[in-house]
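# Overview (structure and organization)
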Amino acid sequence: MSASRTLLFTLLVASFARVSCFLPLHHLQGLVRGSRATRCRHQLLLPAGIPRLSSRGQERELTVTSSDEEEQKDKRVLVAVLGFVSTLLVLKLNPSLLALVHVHGEDRWGTWTVLAGAAWAGIQLEDTKLGKSLSGAVCAMLITASMAAVGVLPEVPSPHVSALQSLVVNLATPLLLLGADLKVIFRRTGVMLVAFAFGSLGTLVGATAGFLLARGGFLRHMGQSGWEVAAALTAKNIGGGLNFMGVVDALGIDGNFVSAALAVDNVLGLLYFPFVMWLGRNHPGDKEAARGGEVESEAAPGGSQRAELTLETLSGALFISFGIAAASNALNGMFHLPVASSAAGLAVLLATLFAPQLGRLAYSGDLVGRQLLYFFFASVGAASGGAASSLSSGMAYPLVTFGFALYLLHLAIILGAGRLLRIPLPDVLLASNANIGNPATAAAMANARGWNSRVLPAILSGTLGNIIGTAAGLLLGQAVLQPLTAMTP
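### Re the packing of aromatic side chains
Per the counting criterion, the structure on display carries seven aromatic pairs. On the numbers, 5.3 Å between centres and 80° between planes, the contact of Trp109 with Trp112 is edge-to-face. With Trp109 and Trp112 both in helix α5 (residues 108–125), this residue pair falls three residues apart, about one helical turn. Taking relative accessible area as the criterion, Trp112 reaches 25% and is therefore assigned partly exposed. Aromatic side chains Phe376 and Phe377 sit 5.7 Å apart centroid to centroid with 90° between the ring planes, which places their arrangement in the edge-to-face category. For the pair Phe376 and Phe377, a shared accessibility class is recorded, and that class is buried. These aromatic residues form a ring-pair network of at least three members: Phe211, Phe218 and Phe402. The ring of Trp278 carries the charged tip of Arg281 above its face, separated from the ring centre by 3.8 Å.

Here is the structure:
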């Protein structure tokens, strides 16, 4: 029976991904070329690029063809989503059918098959309107969360989900930071680095103020876990999903709280990103178009090395990451240092000291690391059977209050500092995007606005956020937010 359940689910997810997200081979090759040209790393959302052509007519023709394909793809996504939701409703209304596909908590391979299928579907959705709005990782989380809510997955999280999360956190952090050469980051970012520092300060101040405003709601609905959730969101809005994952693992936050926090944060992000784009409306793009090869060579760790994806680089990236994971766990045992923070520190130290050697492994590490992030968010959804009821019971209020305060004070401080120090507004806005989003969203904004000379600094600023985000979130949580929780209301 377990094998039949796993087979049924595999077919369901395969059909979902096949119907919604099949792309012609030439279009996939264009996306890969575009993503390599911009060299966007350490991200949850990888912006798709279309290679520039020498002929403007050819470029317009390719753009029209691509637009038609994307429109057809979005229609298939709509059909697939409606089919998926309808299937879940049928299962909910028919307990006998639900029993056929229900995955028991002790079914390790069945559980991992569900998570792998959701991660695959999330990756396929990345380049659709739905994926661009929510991010593919959040789509993966919503797939497993809806399955847990219906009863396909157990409401009580499986121990095999926790085991997978632990493996993901230990490996993804060093894999995604193999190209984080601090020498390149500080040399190339320029004034954007100053704006990014003020943006990080704004996030810390906003998180503290937001927690003070919503402290009562956090205590009522989350208890002592309220400050932990706030710390995780702080880390996410300095670095990105990698840092959110690190704090969640370090503090052992309940899956229901994690899913609710991500849901609210992503809704607020849907308001934030268009607003920041609007703020830069009066600043025209660069006169000279960015040359993809030039950006690639500058952004490559250790100089002008090209991206490599071979068995040699894959095995090398995994070897280094396993070694870093082993060392960070040893440090945790001896000095009680958070695993994610020590892993990030060791990865950055090695990436800086041995940039030419690790630079060859960074592209392979990035691909594997991003796949692991999708697994993590799928596992978060699987552990969130009660998230919907938690949000409906009033948990949304403190999260929305906290998020609004964080975003508003972040923007006020970074815009104010930029004006005071006369930092160009495009640099300020891209630094803010790198804080709230990640390297890829910042690079996508720079490309969309035509600020081509700022693409590389935006990527590097976001990478710096990935380096410091976990430690910053944990420090604020333990030094500030936890003591505030203990104060008498």
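### Describing the packing of helix α12 (residues 241–251) against helix α21 (residues 455–486)
Closest axis-to-axis distance for the α12/α21 pair is 8 Å, and the angle between their directions is 40°. In terms of axis orientation, α12 runs oblique to α21. Classified by chirality, the crossing of α21 by α12 is right-handed. Together, Leu242, Asn243, Gly246, Val247, Ala250 and Leu251 of α12 and Gly465, Asn466, Gly469, Thr470, Leu474 and Gln478 of α21 make up the contact between the two elements. Tallied by class, the residues present in the contact of α12 with α21 amount to five nonpolar, seven polar and no charged.

### Examining unusual backbone geometry
The phi dihedral of His336 is positive, around 60°, even though this residue is not glycine. Structurally, His336 can be placed in the loop between α15 (311–335) and α16 (339–353). What makes His336 exposed here is its relative accessible area of 68%. Located in the positive-phi region is Arg422, a residue other than glycine, with phi close to 60°. Note that Arg422 resides in the loop between α18 (387–421) and α19 (425–436).

### So, the layout of surface pockets
Quantified by volume, the second largest pocket comes out at close to 280 Å³. Around the second largest pocket, the lining is made up of 15 residues, and of these Val81, Phe84, Val85, Leu142 and Ser146 lie nearest the centre. For the lining of the second largest pocket, the elements supplying multiple residues, two or more each, are α3 (56–93), α6 (129–134) and α7 (136–150). The dominant element in the lining of the second largest pocket, judged by the number of residues it contributes, is α3, at six residues. Taken together, the residues of the lining of the second largest pocket break down into 13 nonpolar, one polar and one charged.

### Quick word on α19
In this model, α19 (twelve residues) spans 16 Å end to end at C-alpha, consistent with the 16 Å of a helix rising 1.5 Å per residue. Where burial is concerned, most of α19 is hidden: eleven out of the twelve residues are buried. By the burial criterion, the buried members of α19 are Pro426, Asp427, Val428, Leu429, Leu430, Ala431, Ser432, Asn433, Ala434, Asn435 and Ile436.

### Quick word on a nonpolar patch on the surface
A surface patch of nonpolar side chains, about 370 Å² in accessible area, is lined by Leu271, Val400, Phe404 and Leu408. Top element by residues in the nonpolar patch is α18. It accounts for three residues. Secondary-structure assignment places Val400 in helix α18. For Val400, a relative accessible area of 30% corresponds to the partly exposed category.

### Looking at the side chain of Thr208
Here Thr208 lies in helix α10 (residues 191–222). Overall, Thr208 belongs to the buried group, its relative accessible area being 18%. Apart from residues lying up to four places away in sequence, Thr208 is in contact with Leu476, Val480, Leu481 and Leu484.

### Quick notes on the environment of Phe404
For Phe404, the location among the structural elements is in helix α18. On the basis of relative accessibility, which here comes to 41%, the residue Phe404 falls in the partly exposed class. Sequence separation between Phe404 and Asp265 is 139 residues; the distance between their C-alpha atoms is 9.4 Å.

### Side note on the confidence of the model for the protein
For the protein, per-residue confidence averages 81 on the pLDDT scale, and 80% of positions sit at 70 or higher. Mean pLDDT across the elements of the protein bottoms out in helix α2 (residues 25–38) (38) and peaks in helix α11 (residues 225–236) (97). In this model residues 14–59 is a low-confidence stretch, pLDDT under 50, and it forms 110 contacts with partners more than four residues away in sequence or in other chains. Below pLDDT 50 for its whole length, residues 288–305 participates in 38 contacts with residues either more than four positions away or in separate chains.

### Focus: the pattern of salt bridges
All told, the structure shown has six salt bridges when counted by the stated rule. The salt bridge involving Lys183 is made with Asp181; its shortest N-O contact spans 3.3 Å. We classify Lys183 as partly exposed; its relative accessible area is 45%. Residue Asp181 is classed as buried on the basis of its relative accessible area, which comes to 4%.

### Here we look at the packing of α12 against helix α17 (residues 355–382)
Running from N to C, α12 and α17 point in directions that differ by 55°, and their axes come no closer than 11 Å. By the angle between their axes, α12 is oblique relative to α17. Crossing of α12 against α17: the hand is left-handed. Facing α12, whose interface residues are Gly241, Leu242, Met245 and Val248, α17 presents Leu373, Phe376 and Phe377.

Thresholds applied
What you see as residue numbers is a count from 1 along each chain, following the sequence as written. Reporting of local features is limited, given that this is a predicted model, to residues whose pLDDT is at least 70; pairs of side-chain atoms are given and counted only at 80 or more, and all residues count toward the totals for whole chains, interfaces and linings. To obtain the side-chain values, all non-hydrogen atoms of the structure were used and water was disregarded. When two rings of Phe, Tyr or Trp (its six-membered ring) have centres within 6.5 Å they constitute a pair, described as stacked for plane angles under 30 degrees, edge-to-face for angles over 60, and tilted for the intermediate range. Numbered from the N terminus, helices here are DSSP runs of H or I no shorter than four residues, and strands are runs of E no shorter than two. Using a 1.4 Å probe on the protein chains alone, a residue whose accessible area is under 20% of its type maximum counts as buried, one over 50% counts as exposed, and one in between counts as partly exposed. Counted as over-ring charges are cases with an Arg CZ or a Lys NZ within 6 Å of the ring centre that also lie within 35 degrees of the ring normal. Structural elements are reduced to axes, namely lines fitted to C-alpha atoms, with helices fitted over the stretch in contact, and the angle between N-to-C directions of any two is expressed from 0 to 180 degrees. We call two directions roughly parallel when the angle between them is under 35 degrees, roughly antiparallel when it is over 145, roughly perpendicular when it lies between 65 and 115, and oblique otherwise. The hand of a helix crossing depends on one turn: near helix anticlockwise from the far one by less than a right angle means left-handed, and clockwise means right-handed. Contacts are assigned to residue pairs that have any heavy atoms within 4.5 Å of one another. Gly falls in the polar group here, along with every residue not listed as nonpolar (Ala, Val, Leu, Ile, Met, Phe, Trp, Tyr, Cys, Pro) or charged (Asp, Glu, Lys, Arg). A pocket here means an open set of points on a 1 Å grid, computed over the protein atoms alone, that has protein on both sides within 12 Å along at least five of seven lines. A cavity is instead a set of points where a 1.4 Å probe fits but cannot get out; residues with an atom within 4 Å of a point line either one. Grid points are joined across faces, edges and corners, and a volume is the space filled by probe spheres set on the points. Here a helix's expected span is defined as the number of its residues, less one, multiplied by 1.5 Å. Residues qualify for a patch when their relative accessible area is over 30% and they have no salt bridge, like charges being joined within 9 Å and the nonpolar side chains of Val, Leu, Ile, Met, Phe, Trp and Tyr within 5 Å. Where accessible areas are quoted, they stem from the Shrake-Rupley method and a 1.4 Å probe; at the residue level, only the protein chains shown are allowed to cover. Definition used for salt bridges: Asp or Glu carboxyl oxygen within 4 Å of a side-chain nitrogen of Lys or Arg. pLDDT is a residue-level measure of predictor confidence that goes from 0 to 100.

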